[in-house]
Amino acid sequence: TSRQVLDFINWVQAQDFYENTTIVLSGDHTTMDIDFCNEIDTLYSRGIYNVFINSLVEPIKEKNRRFSTMDMYPSTLSSLGIKFDGGYLGLGCDLFSGNETLIEKYGIDTVNQEFGKKSNFYNENVLY
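Summary of the structure given here. (Residues numbered from 1 in each chain as written. Predicted model: local features only at pLDDT ≥ 70, side-chain atom pairs only at ≥ 80, totals over all residues. Heavy atoms only, no water.)

Here we come to the packing of aromatic side chains. Using the criterion set out here, one finds three aromatic pairs in the structure. For the ring pair Phe8 and Trp11, a centre distance of 6.2 Å and an interplane angle of 25° mean the geometry is stacked. Of the two residues, Phe8 and Trp11 both sit in helix H1 (residues 2-13), three residues apart, roughly one turn of that helix. For Phe8, a relative accessible area of 48% corresponds to the partly exposed category. (Phe/Tyr/Trp six-rings, centres within 6.5 Å; stacked < 30°, edge-to-face > 60°. Helix = DSSP H or I, 4+ residues; strand = E, 2+ residues; numbered from the N terminus. Buried < 20%, exposed > 50% of the residue type's maximum accessible area, 1.4 Å probe, protein only.)

Spelled out as C-alpha cells, the structure:
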C-alpha cells in the first residue's frame, strides 16, 4: 500500500496541477504487521503517520504535536489557505497555528474520559 501511495504522490507531483494541489495523508493506525516492530524497543512510543504535502501555510511547530483526528479538519482547511478566526473549528485545533489541541491542553486520559461521558443531547439528537 505504501508503494501505491508513493506512486500516486509522485504522479500528482509530475502533473501541471500540482502547484495548486495540497495532499493530505492521514493515518488511522500504527502498523498492523505483527513482525514489523519486533526489533523496535518496547519503550518506543509509536505514532500514526500524518503529513501535509504542498501546504499553503507553514506550521509554527512542525513536529511532535499531540493531537487527534478532530484536529485534522481545521488543519486541512488551513493547509488549503482557508482562514478562520481563533484557530479552532468544532473541537479541532488548526495544527498550523500555535494553539494547543485538547490533548496538549488536558492530556489524553482526560480527553478520553470526557468523551466517554453520557450526553443526553447527543443521544436525543444524533443517535437514531
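Right, picking up where we left off after that structure.
One non-glycine residue, Asn54, lies in the positive phi region at around 70°. Its place among the elements puts Asn54 in the loop between strand S2 (50-53) and helix H2 (72-79). Of note, the phi angle at Asn64 is positive, near 60°, even though the residue is not glycine. Looking at the element boundaries, Asn64 is found in the loop between S2 and H2. Residue classification places Asn64 among the exposed positions, given a relative accessible area of 69%.

In terms of nonpolar packing, the biggest core is built from six residues, these being Ile9, Val12, Tyr18, Ile23, Val51 and Ile53. When residues of this core are traced back to their parent elements, those giving at least two are H1 and S2. If we skip the residues at most four places from it in the chain, Ile23 touches Ile9, Val12, Tyr18, Val51, Phe52 and Ile53. (Core = buried A, V, L, I, M, F, W, Y, C linked by side-chain atoms within 4.5 Å. Contact = heavy atoms within 4.5 Å.)

Turning our attention to the environment of Glu114. Mapping Glu114 onto the fold places it in helix H4 (residues 108-115). A relative accessible area of 42% places Glu114 in the partly exposed class.

Moving on, we come to the pattern of salt bridges. Taken as a whole and judged by the stated rule, the model has two salt bridges. Notably, a salt bridge pairs Glu104 with Arg65, separated by 2.7 Å at the nearest N-O pair. Highlighted residues: Glu104 in helix H3 (residues 102-106) and Arg65 in the loop between S2 and H2, separated in sequence by 39 residues. Here Glu104 falls in the partly exposed class, since its relative accessible area comes to 25%. The salt bridge partner of Glu114 is Lys117, with a shortest N-O separation of 3.0 Å. (Salt bridge = Lys/Arg side-chain N within 4 Å of Asp/Glu carboxyl O.)

So, about the pairing of S2. Side-chain alternation along S2 places Val51 and Ile53 on a buried face and Asn50 and Phe52 on a face that remains uncovered. In this structure, strand S1 (residues 23-26) lies alongside S2, joined through four bridges in antiparallel fashion. Looking at the pairing, Ser26 lines up with Asn50 of S2. (Pairing = 2+ DSSP bridges.)

Another point: the side chain of Thr21. Summarising the element assignment, Thr21 is placed in the loop between H1 and S1. Reaching out from Thr21, the side chain makes a polar contact with the backbone oxygen of Phe17 at a distance of 2.7 Å. In contact with Thr21, not counting residues within four places along its chain, are Val12, Ile53 and Asn54. (Polar contact = N/O pair within 3.5 Å; in protein donor to acceptor, adjacent residues only side chain to side chain.)

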